[in-house]
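So you can see what is in the structure, the chains are spelled out below.
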Amino acid sequence: MILNDQHLRTDSAWIENLLQWYDSHKRDFPWRKEVGIYQTWICEVMSQQTTMAVVVPRFEQFMQVLPNVEALAQVSDATLRELWAGLGYYARARNLRSAAQYLVGSCGGQFPQTYDDWLKVPGVGPYTASVIVSVCFQVPKGCVDGNVLRVAARLCDCQSTALWSETGRQAVQSCVDAVLPPSRPGDFNQAMMELGATVCQKQSPACVRCPVSSFCLANRNDSVRLCPPPKPRKAFLDVDLVALRLVWENPSAEEEEKFALFERTDGFLSGTLGFPLFRADEQFSPEAFLQSALASPEVRSAQWHQGDVSHTITRHRITLRALSIRLNPLWVPETKAELMVRQLLNRYSIPAGELVWVSKSQTRQSLATSLDRKIWEKMT
């Protein structure tokens, strides 16, 4: 047995302690002031792999601009990118819009009320569906994220790496489903997540403040820091990339210089707005690209920036060089700059979607990923 949870199933006193603590100590998030299906759904997607300090201001702005599912279904790419800036994993935003379009087009703008029906909504998985139906409809469906898994592991003193397998996650799911109080399933799910986020933390667990410490086997056995064991790491993939900063200057010098940002159409950053990226490998010579750019009359100057940018995204360990190309406005009026840029990118099969020219003062806040912001800081 991966998770020996018998004591949690037979003695429900710890659940009362947990709920009383949650009622008194839950954080004051905007989506908790007035619970709504739309708000719960949006905040849940925003919160995935993002800190609450980042989520709260973005959530409030999102709600001001897109207060309902109809507005979300119709939002433009540019507005959606702007509202999602800083949250990362832009595919989540596009999935939200696709789901909103499904809800408006196939469900008449009505939200599903059952777990199975939420799973039919594009981009909604078991965890998100569980959160929505338990919080909004009091459906007794347990939510298991990293925080809940850690709390359960410590309550049961589970030190097995099998906890990270699908079988282990199912064991935690079965435990949470079995102990859910039928009168407050949503509050219980949120209380477990809140406990893991604020008290039963990974690095600095505050056991003296824990409302269920007397029921915690790991606390009793002085093995809290061993539960759960480290998650087995997958091997990193080393990736060498080149980033292009394409600059257009106004010849009159009355306007700021502008930078070309593109919506990426493939790769692990697909859907994000940022600098064109391409792999530096045996099939592509960055030096040949530089010489080709310098030979073009449209290009005033081109140079490599000193030093590499290092970045990690999920399993990708990235080393990146940055190349700045300054277009000659006498040769390339702004109306023709996009065509010239696309010809340059197409020549080397560098994929790029929609182009957006952004003034220098607005560039950093327009960048959708932390990698792009690192590139910007390297080149300024």
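Further up the page is the structure itself.
Reference entry: report on the structure contained in this document.

Scoring rules and cut-offs
Residues numbered from 1 in each chain as written. Predicted model: local features only at pLDDT ≥ 70, side-chain atom pairs only at ≥ 80, totals over all residues. Heavy atoms only, no water. 1 Å grid on protein atoms, 1.4 Å probe; cavity = no way out; pocket = protein on both sides within 12 Å on 5 of 7 lines; lining within 4 Å. Points joined across faces, edges and corners; volume = space filled by probe spheres on them. Helix = DSSP H or I, 4+ residues; strand = E, 2+ residues; numbered from the N terminus. Nonpolar A, V, L, I, M, F, W, Y, C, P; charged D, E, K, R; others polar. Phe/Tyr/Trp six-rings, centres within 6.5 Å; stacked < 30°, edge-to-face > 60°. Buried < 20%, exposed > 50% of the residue type's maximum accessible area, 1.4 Å probe, protein only. Lys NZ or Arg CZ within 6 Å of the ring centre and 35° of its normal.

### A word on empty space enclosed by the protein
Enumeration according to the criterion identifies one cavity of 30 Å³ or more in this entry. In this structure, the largest cavity encloses a volume near 100 Å³. Sort the elements by how many residues they give to the lining of the largest cavity and helix α11 (residues 146–155) lands first, with three residues. A class-by-class count of the residues in the lining of the largest cavity yields twelve nonpolar, one polar and one charged.

### A few points about the packing of aromatic side chains
All chains considered together, the criterion is met by ten aromatic pairs. Ring geometry for W14 versus F188: centroids 5.9 Å apart, planes at 70°, classification edge-to-face. Taken together, the residues W14 in helix α2 (residues 13–25) and F188 in helix α13 (residues 185–198) connect sequence positions 174 residues apart. For the pair formed by W14 and F188, the shared burial category is buried. For the pair F62 and W84, a centre-to-centre distance of 6.3 Å together with 75° between the ring planes defines the contact as edge-to-face. Of this pair, F62 sits in helix α5 (residues 52–65) while W84 is found in helix α7 (residues 77–84), placing the two residues 22 residues apart along the sequence. For the pair shown, F62 and W84 are each scored as buried. A connected cluster of aromatic rings, assembled from ring pairs, spans Y38, W41, F111 and W118. The positively charged end of K141 is found above the aromatic ring belonging to Y115, 4.5 Å away from the centroid. Positioned above the aromatic ring of W304 is the side chain of R321, whose terminal nitrogen or guanidinium carbon lies 4.0 Å from the ring centre.

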